[in-house]
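Here is what each chain is made of, one letter per residue.
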There are 2 protein chains.
Amino acid sequence: MRLKLLLAYLGAGYSGWQIQEKPSPPPTIQGELEAALRVLAGTPVRVHGSGRTDAGVHAHGQVAHCDVPDDKAKQSWRRSLNALLPPAIRVLAAEPAPPDFHARKDALRKTYAYQFWQERNFVPPQLAPFVWNCGPLDVQAMRAALPYLLGEQDFAGLQNAGTDMESTTRHISTAALDILPPCEFYPPHAPLLRLTVTANGFLKQMVRNMAGLLAACGQGKIHPESIPALLAARDRRAVPSVTAPAGGLALVRVEYPQ
Amino acid sequence: MRLKLLLAYLGAGYSGWQIQEKPSPPPTIQGELEAALRVLAGTPVRVHGSGRTDAGVHAHGQVAHCDVPDDKAKQSWRRSLNALLPPAIRVLAAEPAPPDFHARKDALRKTYAYQFWQERNFVPPQLAPFVWNCGPLDVQAMRAALPYLLGEQDFAGLQNAGTDMESTTRHISTAALDILPPCEFYPPHAPLLRLTVTANGFLKQMVRNMAGLLAACGQGKIHPESIPALLAARDRRAVPSVTAPAGGLALVRVEYPQ
């Protein structure tokens with residue numbers, strides 16, 4: 001029986017989604033899931049995610065699929081998996097799926113969120129694992145940059161080395177920068193900012209490179225109007241901004257047909 | 001020069017506020033602060049908190065005082081301390097205080113918050129360190145219990161063993177149970193509940209015992225009307241409810257004259 005899993009996890013402490021097949025492998029999300037599924041299924045189970053998340057990246061709604069033996073199917077997989085998994089990895093839903101459902105190939109759109117903290121000298125400790133502490137930002141300049149990133153474009157300039165993709169063209173359907181309400185309990189501070197971006201797919205570290213580019217706009221280092229020329233070079237080295245740190249990023253949602 | 005420190009910290013990973021003077025002491029909040037202050041002051045510095053928090057209890061607004069050498073006074077203590085402290089402990093403010101300011105003796109009121117999560121099988125991983133996962137609760141029954149805890153009363157029945165206090169009478173000025181908005185990103189779930197309680201002082205594990213008592217009311221195990229009789233026994237063993245776990249608790253605020 002094919003299972004569709006909806007997953008939340010904290011990226012800190014894990015070497016990303018993808019299992020590493022080597023002696024003494026570091027902990028990974030996929031590795032933890034496969035270890036728990038093996039116990040419940042009584043046999044090795046391969047888990048296929050909608051995509052890899054980098055080391056340190058969080059997820060609120062990662063999707064994966066796997067096949068479990070039919071004679072083990074009649075159990076609450078959500079409950080059983082949550083009982084075995086570490087608290088940092090939670091199964092929000094585990095439901096039977098059509099036998100041809102594929103978490104990666106069937107995905108229509110993904111949504112990521114990236115959080116920027118503006119006060120260098122103090123991050124509320126509860127928030128620290130989930131933000132980039134990048135100092136004061138000009139929200140208007142960042143918002144002025146967003147339209148240049150929308151639509152179907154070649155995003156090779158926002159792709160880090162390490163993966164050869166057939167095409168580096170992706171379609172970003174929405175990108176918004178929200179000002180979040182102040183953290184309760186804490187003294188007044190510059191607001192937390194959240195970039196939310198939806199596309200039909202993302203290149204390697206593309207959202208983190210977008211976040212770095214937007215922060216550079218917000219710091220006055222890059223003019224929003226120069227973004228088209230920077231992207232036209234199709235070369236990451238031509239874009240003078242950093243790859244934003246992993247902890248600020250979360251995979252929010254993966255959408256499928258229907 | 002006397003310094004007044006406003007502090008936030010994550011309790012997980014620390015053996016509470018109070019430093020333990022023994023070989024190979026476990027990490028404590030006070031211990032981390034004193035280690036950082038010793039570096040900056042060039043001499044041992046004793047830190048006095050408004051009170052101890054237990055192992056695993058968090059703080060948004062703990063207050064402490066200490067004395068630093070006058071010739072070292074002209075630095076940004078907030079910035080310097082945050083540079084040395086682990087990310088789980090943050091200095092929100094560090095200001096000169098009158099030489100007779102005392103964080104514990106001068107405190108007028110303290111406010112604590114305790115968070116209850118109602119869905120046994122799933123806690124969002126970001127929230128897990130900050131809630132008690134205690135299952136479904138009847139909010140009306142819990143709210144019906146609150147008035148019985150207000151005012152000046154002998155709370156010996158909500159004090160755990162281990163500390164001899166001269167008096168076990170305290171004055172609870174406010175106690176409220178709030179229904180928090182749903183966690184964004186996650187599927188619909190029973191709401192997170194937060195108890196907020198203010199008093200002129202608290203006995204050992206008094207808030208966690210209050211939280212356990214309220215949860216027992218919310219689970220139908222204790223009738224709110226029976227609380228006066230339970231407290232009248234002045235004996236923790238007469239109160240048939242658990243001490244709620246430390247992780248759900250946070251010290252929110254300490255108030256001083258003016």
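Keep in mind the model is a prediction, meaning the values are calculated, not measured. (Residues numbered from 1 in each chain as written. Chains lettered and ligands numbered in written order. Predicted model: local features only at pLDDT ≥ 70, side-chain atom pairs only at ≥ 80, totals over all residues. Heavy atoms only, no water.)

## Thoughts on the UniProt feature "active site" (unreviewed entry) in chain A
Residue and element names in this part refer to chain A.
Okay, so step 1: When the UniProt feature table is mapped onto this chain numbering, "active site" (unreviewed entry) sits at Asp54.
Okay, so step 2: Tracing the chain through its elements places aspartate 54 in the loop between β2 (48-49) and β3 (58-67).
Okay, so step 3: With residues near it in sequence (within four places) discarded, aspartate 54 still touches Gly16, Gln205 and Arg208.
Okay, so step 4: Of note is the side chain of aspartate 54, whose polar atom sits 3.2 Å from the side chain of glutamine 205. (UniProt positions renumbered as here; feature names shortened; annotations may be inferred. Helix = DSSP H or I, 4+ residues; strand = E, 2+ residues; numbered from the N terminus. Contact = heavy atoms within 4.5 Å. Polar contact = N/O pair within 3.5 Å; in protein donor to acceptor, adjacent residues only side chain to side chain.)

## Observations concerning the domain arrangement of chain A
Residue and element names in this part refer to chain A.
Okay, so step 1: For chain A, the assigned domains are domain 1 (2-97) and domain 2 (109-255).
Okay, so step 2: Measuring from the centre of the C-alpha atoms in domain 1 to the corresponding centre in domain 2 gives 27 Å.
Okay, so step 3: Contacts between the two partners involve 15 residues from domain 1 and, on the opposite side, 14 residues from domain 2.
Okay, so step 4: Across the interface of domain 1 and domain 2, roughly 1,100 Å² is buried in total on both sides, 58% from carbon and sulfur atoms.
Okay, so step 5: By the criterion of area lost to domain 2, the three top residues of domain 1 are Asp54, Val57 and His58, representing 42% of everything that side buries.
Okay, so step 6: Taken together, the connections running from domain 1 to domain 2 amount to one salt bridge.
Okay, so step 7: Of the residues assigned to the side of domain 1 that touches domain 2, the class counts are five nonpolar, eight polar and two charged. (Domains from an automatic or database assignment. Buried area = accessible area lost by both parts, 1.4 Å probe. Salt bridge = Lys/Arg side-chain N within 4 Å of Asp/Glu carboxyl O. Nonpolar A, V, L, I, M, F, W, Y, C, P; charged D, E, K, R; others polar.)

## Details of the relation of the copies chain B and chain A
Okay, so step 1: Of the two same-sequence chains, chain B is brought onto chain A (RMSD 0.0 Å, axial shift 0.0 Å) by a rotation of 180°. On the angle and the small slide along the axis, the relation comes out as a two-fold axis. In terms of proximity to the rotation axis, the leading residue of chain B is glutamine 126 of chain B, whose C-alpha is 4.3 Å off the axis.
Okay, so step 2: Here 100% of the contact residues of chain B are again contact residues in chain A; the copies associate through an equivalent surface. (Least-squares fit on C-alpha atoms with pLDDT ≥ 70 in both.)

## Section: the pattern of salt bridges
Pairing between side chains of opposite charge can happen when their charged atoms approach one another.
All names here are of chain A.
Okay, so step 1: In the structure shown here, the tally under the stated rule is 18 salt bridges over all chains.
Okay, so step 2: Of the charged contacts, one joins aspartate 67 and arginine 2 as a salt bridge, the two residues approaching to 2.9 Å between their closest N and O atoms. With aspartate 67 in strand β3 and arginine 2 in strand β1 (residues 2-9), this residue pair connects regions lying 65 residues apart in the sequence.
Okay, so step 3: Judged by relative accessible area, which is 40%, aspartate 67 ranks as partly exposed.
Okay, so step 4: Across the pair arginine 46 and glutamate 21 runs a salt bridge whose closest N-O atoms are separated by 3.1 Å. In this pair, arginine 46 sits in the loop between α1 (29-41) and β2 while glutamate 21 sits in the loop between β1 and α1, placing the two residues 25 residues apart along the sequence. (Buried < 20%, exposed > 50% of the residue type's maximum accessible area, 1.4 Å probe, protein only.)

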